[in-house]
Amino acid sequence: MFKQEIAVFWFRRDLRLQDNVGLFFALKSKYPIIPLFIFDETILNGLPKEDARVGFIYDSLSKINQQLQELGSSLLVKKGKIQDVWQALIQEYTIREVFFNKDYEPYAISRDWAICKLLEATKTTCFSYKDQVIFEEKEITKPDGLPYTVYTPYKNKWLEKYNSTCPVQEYDAADHFCNFYKAHFVFPTLEQIGFDKSAIKVLPYNLKNVVRYHETRNFPALDDTSYLSPHLRFGTVSIRKLVNWAANKNQVFLSELIWREFFMQILFSFPKVVTHNFKSAYDGIQWRNNEEDFKRWCSGTTGYPMVDAGMRQLNQTGYMHNRVRMVVASFLCKHLLINWQWGEAYFAEKLLDYELASNVGNWQWAAGTGCDAAPYFRVFNPAIQLKKFDEKGIYIRQWIPEFDLEYNKPMVDSVFARNRAIETYKKGILK
């Protein structure tokens, strides 16, 4: 029996219909487009059943499906090992073209290469596009073509390139929505995917206070941040729309978006950073890696209020204020001399906005082992940080209800810990 020739748009980290580059070009195909999302068992099998990020993905897909139903189409949702799902789709449909947006993480690069090879064997053409960044891979390089490993010159080159073309082009595909494949696919329940609803929720993002971001961003009690990061991570917001908007609102806020791209190009150019220090000279550091100390850090019972408040906020909400992230990371690596990889893995488990490049980049920055990192002798003093950024204790009391009653004594003396850290680093740095 003749099977209709179709094309597929594969959603991944781009969960929106608006200003989606790959989707824009897919909808201009001569074939009707089946919109597809695959819940990847390779990733899902390592997650708890109430993972809030899976719930957020599911809710975002549900919204997309509702939008598609209004157009007489629907979202095809599959679950399984990626290769197996595509093998089955090839058997079921005559797929002529597949469109997707690029992902720059090592697993994603190898996954996409394997799927494209599989599809090309069936004479299916694959098209991939830049979507989750303004500049990708080798678009921002030093004059000799090598990648930047220091943020400020990278940022300057990024701004120079952006300002020469701003605003960057946005991609409105609304005129081509009629090209979606007309079908009613059954949308699964969250339970059918193997997960339960989480009590933790991704909050809607809020840009109303971005104009004063440079004044308020370091004060966690103000709760004045945008909550954008999970939406950027899963692509429910367009980076092009956001940057074009932010460029006229607040340069410090824009700089944070550029940090995100800096760490992405570091990961792309130096994939070893996922498991190794960027600065190999730091491979000789003798971490204490005390498991009891790590448990106290995880549970927010170190006796240092800003550290404990941050960890409790993370455990209860999946969020942590950026200033506090720097304090808790420095405390783990420097005060407790626990390998940054332990903290990175814990954040990967808990953070709603977990994104590999930024998480690894920021943890190595805190540990002093990464590119353009804080020097090893820079050790945040949690008490001074508290006095500077939460002097009235509003933030810490929000997360430590027992603070004014019977609060833990510090698990380690700060002066002792700082001196120990500096000596350990000195001895461990390879000449």
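Residues numbered from 1 in each chain as written. Predicted model: local features only at pLDDT ≥ 70, side-chain atom pairs only at ≥ 80, totals over all residues. Heavy atoms only, no water.

Would you explain the overall build of the protein in this entry?
Counting secondary structure elements, the protein contains 19 helices and 5 strands. Its C-alpha atoms give the protein a radius of gyration of 23 Å, near enough to 22 Å, the size a compact globule of 431 residues would have. For the protein, the spread of C-alpha atoms along the principal axes amounts to about 75 × 50 × 40 Å. Of all 431 residues assigned to the protein, the portion counted as buried reaches 56%. Put simply, of all contacts in the protein between residues at least 6 apart along the chain, 80% involve residues at least 24 apart. Accessible surface for the protein amounts to roughly 19,800 Å². Of this, 53% is attributable to carbon and sulfur atoms. (Helix = DSSP H or I, 4+ residues; strand = E, 2+ residues; numbered from the N terminus. Rg over C-alpha atoms; globule rule 2.2 N^0.38 Å. Buried < 20%, exposed > 50% of the residue type's maximum accessible area, 1.4 Å probe, protein only. Contact = heavy atoms within 4.5 Å. Areas by Shrake-Rupley, 256 points an atom, 1.4 Å probe, with all protein chains shown as cover.)

In this structure, what is going on with helix α3 (residues 52–70)? I would like to understand it.
Two residues of an α-helix separated by three or four positions point the same way, owing to the 3.6 residues in each turn. When the terminal C-alpha atoms of α3 are compared, their 27 Å separation across 19 residues agrees well with the 27 Å that a helix rising 1.5 Å per residue should span. Looking only at α3, the buried set comprises Ala52, Arg53, Val54, Gly55, Phe56, Ile57, Tyr58, Ser60, Leu61, Ile64, Asn65 and Leu68. On its buried face, α3 is in contact with β1 (5–11), β2 (33–40), α2 (41–44), α7 (190–193), α9 (229–234) and α15 (340–350). Looking at where α3 begins, the residue whose side-chain oxygen comes 2.9 Å from the main-chain nitrogen of Arg53 is Asp51. A positive phi of about 85° marks Gly72, the residue just after α3. (Expected span 1.5 Å × (residues − 1). Polar contact = N/O pair within 3.5 Å; in protein donor to acceptor, adjacent residues only side chain to side chain.)

What exactly am I supposed to notice about the nonpolar core here?
Most often, soluble globular proteins have nonpolar side chains that are buried together. Judged by nonpolar contacts, the single largest core of 89 residues is most densely connected at Trp158, Trp297, Phe347 and Tyr425. A total of 9 residues in this core trace back to one element, the largest contributor, which is helix α11 (residues 251–269). Judged by nonpolar contacts, the second largest core, of 39 residues, contains Phe39, Ala52, Leu68 and Tyr171. (Core = buried A, V, L, I, M, F, W, Y, C linked by side-chain atoms within 4.5 Å.)

Got a minute to help me understand the state of the cysteines in this structure?
Here a disulfide denotes a covalent bond joining the sulfur atom of one cysteine to the sulfur atom of another. Counting across every chain of the model gives 0 disulfides. Cysteine Cys126 is unpaired, with the sulfur of Cys116 as its nearest cysteine sulfur at 3.3 Å. The class for Cys126 is buried, based on a relative accessible area of 18%. No disulfide involves Cys371; its sulfur sits 15 Å from the nearest other cysteine sulfur, which is in Cys333. (Disulfide = S-S within 2.5 Å.)

So what exactly am I meant to see when it comes to the sheet that holds β1 here?
In a beta sheet, neighbouring strands pair by backbone hydrogen bonds and run either parallel or antiparallel. The strand order β3-β2-β1-β4-β5 describes an open sheet built from 5 strands, whose pairing is parallel. What marks the edges here is a single partner per strand, and that holds for β3 (76–80) and β5 (125–129). The sheet shows a mean angle of 25° between the axes of neighbouring strands, taken without regard to direction. Sheet topology places β1 next to strand β4 (residues 94–101); 6 bridges connect them, and they run parallel. Within β4, the position partnered with Phe9 by the bridge is Phe99. (Pairing = 2+ DSSP bridges. Axes fitted to C-alpha atoms, helices over the stretch in contact; angles between N-to-C directions.)

What is the right way to read the packing of aromatic side chains from this model?
In total, this model carries 41 aromatic pairs according to the counting rule given. Members of the aromatic cluster, each reached through a chain of ring pairs, are Phe24, Phe25, Phe99, Phe127, Tyr129 and Tyr171. Sitting above the plane of the Trp10 ring, Arg12 keeps its charged end 4.5 Å from the centroid. Over the aromatic face of Tyr425 sits the side chain of Lys334, whose NZ or CZ is 5.6 Å from the ring centroid. (Phe/Tyr/Trp six-rings, centres within 6.5 Å; stacked < 30°, edge-to-face > 60°. Lys NZ or Arg CZ within 6 Å of the ring centre and 35° of its normal.)

Quick question: what am I supposed to make of unusual backbone geometry here?
Negative phi is the rule for most residues except glycine; trans is the rule for most peptide bonds. Pro167 follows Cys166 through a cis peptide bond whose omega is -5°. Phi angles above zero are rare outside glycine, and Asp223 is one such case at about 50°. In this structure, Asp223 sits in the loop between α8 (213–216) and α9.

Mind showing me how you'd approach the packing of α15 against helix α16 (residues 356–367) here?
Packed helices, taken two at a time, are described by the angle between their axes plus the distance between the axes. Where α15 contacts α16, the two axes come as close as 10 Å, and the packing angle between them is 145°. Of the two possible hands of crossing, α15 and α16 adopt the one that is right-handed. Between α15 and α16, the contacting residues are Trp340, Gly343, Glu344, Phe347 and Ala348 on the first element and Leu356, Asn359, Val360, Trp363, Gln364 and Ala367 on the second. Across the contact of α15 with α16, the residue classes tally to 7 nonpolar, 3 polar and 1 charged. (Left-handed = near helix turned anticlockwise from the far one by under 90°. Nonpolar A, V, L, I, M, F, W, Y, C, P; charged D, E, K, R; others polar.)

Just to check I follow, could you spell out the environment of Arg323 for this structure?
Structurally, Arg323 can be placed in helix α14 (residues 322–335). For Arg323, a relative accessible area of 12% gives the class buried. C-alpha of Arg323 to C-alpha of Phe389: the two residues are 66 residues apart in sequence and 8.5 Å apart in space. Discounting residues that sit within four places of it in the chain, Arg323 has contacts with Asn218, Phe380, Gln385 and Phe389.

Could you clarify how one ought to interpret the pairing of β4 in this entry?
Remark: a regular strand shows side chains that alternate across the two faces of the sheet. Of all the 8 residues making up β4, 7 are buried; the element is thus mostly covered by neighbouring parts of the structure. Note that β4 and β5 share 5 bridges and pair parallel. Bridge assignment links Glu97 to a residue of β5, and that residue is Thr125. For the segment spanning β4, helix α5 (residues 106–120) and β5, crossover handedness is right-handed. (Right-handed = clockwise from strand over helix to strand, strands pointing away.)

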